[in-house]
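An overview of the molecular structure
These are the residues of each chain, in order.
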Amino acid sequence: MHLADQGAEVIGLVDATQKSAHRELFSRNKTLYEYTSQHERDQRLAQLIPAADVILEDASRTTLSADLLELVQKHQVIHAHLPDFDPHSTHSPARQKKALPSGVLEAFMGLYESPLARKPMAHHLSLLDVTSAAWMSCAVMAALIQRQRTGHVAKLTLPRADVAYPLLELNAIFTVQPPRSWSTLQWASTPFIAAYPCKDSRFIYVHLALRHHLQRFLESLQQLDPHSYRKLAAALSEQTREEPTCVESLIEHHKIVEALEYIFAQRNALAWEEVLSDYGLCAVMARSLEQWYEHTEHPVQAGILLDAKDHEFGDSKIPGRVATLDEERFFARRPRYVESVDDLWSTPTDTPSSPDTRQTTSQALQPLDGIKVLDLTHVIAGPASTRVLAELGAEVLRIENPHFQAPWVDAFHLAFNAGKSSVTLDLQTTNGQGEFAKILKNFQPDIVALNLRPGAGKSSGVSEDQLRGSSSKIIYAHLTAYGTKGEWGKRPGWEQTAQAACGVQLSWGADEGHPDLFPLPFNDLCTGLHGCFAMLLGLYARECAPEHGGHHVETNLVTTTVWMQALAYHGGGRLIHGKSTLGRSVLSRFYKTRDDWGYLHVKNLEALHKVEGLQHIQGASGQALSMSLETEFKRHGFKTWQRRFRVAGLGDDELVWIQRRTPKQVLSDPDARRRSLVHRRRHDWLGVEVTETGSPLLYDGHRAHLEPAPEREKTGEQDTAQSLMPWVKGQLKGAIALGLTRHRQKS
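Below, the structure is looked at part by part.

**Structural notes on the sheet that holds strand S16 (residues 447–450)**
- Pairing in this open sheet of 7 strands is mixed, and the strands run S11-S18-S17-S16-S13-S14-S15 from one edge to the other. Among the strands making up the open sheet, the edge pair consists of strand S11 (324–325) and strand S15 (421–424).
- As paired strands, strand S13 (residues 372–375) and S16 are joined by 3 bridges and run parallel to one another. In the strand pairing of S16, Val-373 is matched with Ile-447.
- In the packing of helix H19 (residues 430–443) onto the sheet, the strands contacted are S13, strand S14 (395–400) and S15, and the crossing angle to S13 comes to about 165°.

**Here we look at the nonpolar core**
- Leu-156, Trp-182, Leu-232, Phe-264, Trp-408 and Leu-536 are the most contacted members of the largest nonpolar core, which has 175 residues in total.
- If you tally residues by element for this core, the top one is helix H6 (residues 127–150), at 14 residues.
- Once residues within four sequence positions are removed from consideration, Leu-156 is found in contact with Ile-78, His-79, Ala-80, His-81, Met-136, Ala-139, Val-140, Ala-143, Leu-698 and Tyr-699.
- In terms of nonpolar packing, the next biggest core, distinct from the first, is built from 20 residues, Ile-617, Phe-633, Phe-638 and Leu-650 among them.

**Section: the pairing of strand S24 (residues 688–693)**
- Among the 6 residues that make up S24, 5 are buried, leaving the element largely enclosed by the rest of the structure.
- In terms of strand pairing, strand S23 (residues 678–683) meets S24 through 6 bridges, oriented antiparallel. Following the sheet pairing, Arg-681 is matched in S24 by Val-690.
- Hairpin connection from S23 to S24: 4 residues lie between these consecutive antiparallel strands, with Gly-687 at a positive phi of about 75°.

**A few points about helix H27 (residues 622–633)**
- In this model, H27 (12 residues) spans 17 Å end to end at C-alpha, consistent with the 16 Å of a helix rising 1.5 Å per residue.
- Those residues of H27 that sit buried are Leu-625, Ser-626, Leu-629, Glu-632 and Phe-633. Angular distribution of buried residues about the axis of H27 spans 135°; they occupy a single face of the element.
- In this structure, the buried residues of H27 make contact with strand S20 (588–592), strand S21 (597–602), helix H26 (605–608), helix H28 (638–647) and strand S22 (655–659).

**Some remarks on the environment of Gly-578**
- By the element assignment, Gly-578 lies in the loop between helix H25 (566–570) and strand S19 (583–585).
- When the C-alpha atoms of Gly-578 and Ala-122 are compared, they prove to be 8.9 Å apart, with 456 residues separating the residues in sequence.
- Non-local contacts of Gly-578, meaning those with residues more than four positions away in its chain, are made with Ala-122, Ser-507, Trp-508, Ala-510 and Asp-511.

**Thoughts on the sheet that holds strand S3 (residues 54–57)**
- Taken in spatial order, the 4 strands of this open sheet run S3-S4-S5-S25, and their pairing is mixed. Whereas interior strands pair on both sides, the edge strands pair on one side only; in this sheet they are S3 and strand S25 (698–699).
- Taken together, the 3 bridges between strand S4 (residues 78–81) and strand S5 (residues 155–157) define a ladder with parallel strand orientation. Bridge pairing links Ala-80 to Leu-156 in S5.
- Packing against the sheet, H6 makes contact with S3, S4, S5 and S25, and its axis sits at approximately 165° to S4.

**Observations concerning the pattern of salt bridges**
- Evaluated as defined, the whole model comprises 40 salt bridges.
- As a salt-bridge pair, Arg-41 and Asp-42 come within 3.1 Å of each other at their nearest N and O atoms.
- Notably, a salt bridge pairs Arg-660 with Glu-113, separated by 2.6 Å at the nearest N-O pair. One end of the pair, Arg-660, is in the loop between S22 and helix H29 (663–667); the other, Glu-113, is in the loop between helix H5 (102–108) and H6, with 547 residues separating them in the sequence. The exposure classification of Arg-660 matches that of Glu-113, with both residues buried.
- Beyond isolated ion pairs, a larger network of salt bridges with shared partners links Asp-86, Asp-162, Asp-671, Arg-674, Arg-675 and Arg-703.

**A word on a negative patch on the surface**
- Taken together, the side chains of Glu-274, Asp-278, Glu-297 and Glu-487 define an acidic patch exposed on the protein surface.
- Structurally, Asp-278 can be placed in helix H14 (residues 269–278).

**A look at the packing of helix H10 (residues 211–224) against H14**
- Two elements in contact, H10 and H14, have axes whose closest approach is 10 Å; the angle formed by their N-to-C orientations is 115°. Classified by the interaxial angle, the pair formed by H10 and H14 is roughly perpendicular. The chirality of how H10 crosses H14 is right-handed. Contact residues: Phe-217, Ser-220, Leu-221 and Leu-224 in H10; Trp-272, Val-275 and Leu-276 in H14.
- Among the residues forming the contact of H10 with H14, the class breakdown is 6 nonpolar, 1 polar and no charged.

**Concerning the environment of Leu-208**
- Following the sequence through the fold, Leu-208 ends up in the loop between strand S7 (203–207) and H10.
- Take Leu-208: its relative accessible area is 1%, and that puts it in the buried class.
- For the pair formed by Leu-208 and Phe-192, sequence separation is 16 residues and the distance between their alpha carbons is 5.1 Å.
- Not counting chain neighbours up to four residues away, the residues in contact with Leu-208 comprise Phe-192, His-213, Leu-214, Phe-217, Pro-244, Leu-281 and Cys-282.

**Points about the packing of aromatic side chains**
- Enumeration according to the criterion identifies 25 aromatic pairs in this entry.
- Taking the centre distance of 5.5 Å and the plane angle of 25° together, the rings of Tyr-196 and Phe-264 count as stacked. Of this pair, Tyr-196 sits in strand S6 (residues 193–197) while Phe-264 sits in helix H13 (residues 250–264), and the two are 68 residues apart along the sequence. Assigned by exposure class, Tyr-196 and Phe-264 land together as buried.
- Note that Lys-231 overlies the ring of Tyr-262, its terminal NZ or CZ placed 5.3 Å from the centroid.
- Lying across the ring of Trp-641, Arg-644 places its NZ or CZ 5.1 Å from the centre.

Cut-off values and rules
Residues numbered from 1 in each chain as written. Predicted model: local features only at pLDDT ≥ 70, side-chain atom pairs only at ≥ 80, totals over all residues. Heavy atoms only, no water. Pairing = 2+ DSSP bridges. Helix = DSSP H or I, 4+ residues; strand = E, 2+ residues; numbered from the N terminus. Contact = heavy atoms within 4.5 Å. Axes fitted to C-alpha atoms, helices over the stretch in contact; angles between N-to-C directions. Core = buried A, V, L, I, M, F, W, Y, C linked by side-chain atoms within 4.5 Å. Buried < 20%, exposed > 50% of the residue type's maximum accessible area, 1.4 Å probe, protein only. Expected span 1.5 Å × (residues − 1). Arc of directions from axis to C-beta. Salt bridge = Lys/Arg side-chain N within 4 Å of Asp/Glu carboxyl O. Patch = residues over 30% accessible without salt bridge, like charges linked within 9 Å, V, L, I, M, F, W, Y side chains within 5 Å. Areas by Shrake-Rupley, 256 points an atom, 1.4 Å probe, with all protein chains shown as cover. Lys, Arg positive; Asp, Glu negative; His and termini not counted. Charge placed at Lys NZ, Arg CZ, Asp CG, Glu CD. Parallel < 35°, antiparallel > 145°, perpendicular 65-115°, else oblique. Left-handed = near helix turned anticlockwise from the far one by under 90°. Nonpolar A, V, L, I, M, F, W, Y, C, P; charged D, E, K, R; others polar. Phe/Tyr/Trp six-rings, centres within 6.5 Å; stacked < 30°, edge-to-face > 60°. Lys NZ or Arg CZ within 6 Å of the ring centre and 35° of its normal.

Geometry only, nothing functional implied.
Shown next as structure tokens:
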């Protein structure tokens, strides 16, 4: 769909017997042909392959016959495959032919889990579907660029289960033998990144955890409400003012929370959102997904949603495209069904003249060899996007901001800046801007990536106009929170506020009655992939028409948030509220056994009637069926049920029964370590050893291996271990003082 949204002519061959509620949305802008037999499908493929650039399949194993594979090779077609598992993985089912539902893979890969939770927790986010689509879109664009530049034709394999590993990147670095000097829980529990109830009982979510943001918030309070300012200022120690993610003690933390609760209770949530945004601060009113769709104008103004009132899709809004090239206006149409493919591609595409350009040399593994990227991004989404470019062979040079300091910055740097080189420049100074001009002249980047708010780069000399003055061929990539147009176009934002704005936090925290942060930074990670896709679109456009020079490309966090929920909202699924749900239906969910949790996925209830101990559930449905299955599964252990399913003769395409795995278990899996999806690496300059994840993409059968993240220049205030010592020493004293205070209050 992402390729079709960018103008590619996409023909989909679909099984006429397999209808789905989400086909209309996810096949938009495509041409579809419905086949009724495997033979008919192969005949149509034989007609289409000679004129194709790419063939993409998502079956568990390739369904292309030897004759079709020979056609693919003869006509130099890029072959892209999305199996469930790497064929070399010990987890690859021997008998499975059809692709597993994403919910099953997410359960198996630890994506239905929350830190410290005793049971699994299902959600409605399409984590693997959306992220896999983004990964493969990047791979296809890189392969097209490589074929255009060198004539090499790549084979792409992206096991969907392996896509979970980069999603678990922060789990790896923070939970699998993390450095003792890192106080992850302290950073995560700062009161300056949180939701607070307001006067109207709605919630404002704020992200004020950088020093200059906290300072600006205090200045705004001083103008808006001097009493509130004095109340918060009195609660803050000098250490906390300097580093808001390292509150000095528990008792200070308690006082800060009390002050912020008092402050935000003075106004309605929307009023706080508007006034703090006017001060350039990061704050959003927590909304449901329905409210994001229906009660704000910005999503349509920014192209995050398409207003389809006068369109084939009817009176509704649908998600926009994930990447924008040169701000072209975008239209979506329903898929067009055809009864014949005879005249669809009458003329084969131009391909290199060599009869077989598939290579196995190391040179063939670098589709972006010779491409130079200047990375001016920070935190996660931007660095993640340029890290993928590095994995594809680009030379990436980071410009480090010496003022961007926080204890967690080093950890994020290790995770998302592998494979890059770096230089530290203060672009707020004349000297720094002079050095940057020299880098532009000498490095001559093909791509410049930024994730600043629109207009924020001008004072640093990195606005688009300023950069194009040095080279007209630059691909200028802009990653933002809310897009660059519309009333929110200049607002700052983070992963947390994107979740709050688009319904994720209210859904995830429904049981507690307040917004709660979903524990994976899926917006940042997947938006990074969308940013990489956008940059590759720009490169491909430049390769095809170099006379047009460079291009402007964009993506944003909230478009990702919308797409992550699109299947549930538009595609016949359902939005899940709270953490008590164990799956997406009675026949696809976790069940507690005597000794563990198991995830059951079965196509129809009749299959269970063959299983010992489940014959009596015939006739049950809905809640009664769910309760019956819960009761029966608790009678025996996981392996007993595994044996009974096997004795009943239920194959992998009829029933799936998998044991619960936590993220830590997934990341400790010997199979993942053997395939270089997880590895330990020491960083001597920081004095730590951390767990990192690898790329899920197999490009011509090989996985990218990146050099460690480069050393960051340190200042005295950057020493993480030293900056944490006052907090560590103050915890016991603070906890005792807080306990005594509460005891006196009760007395």
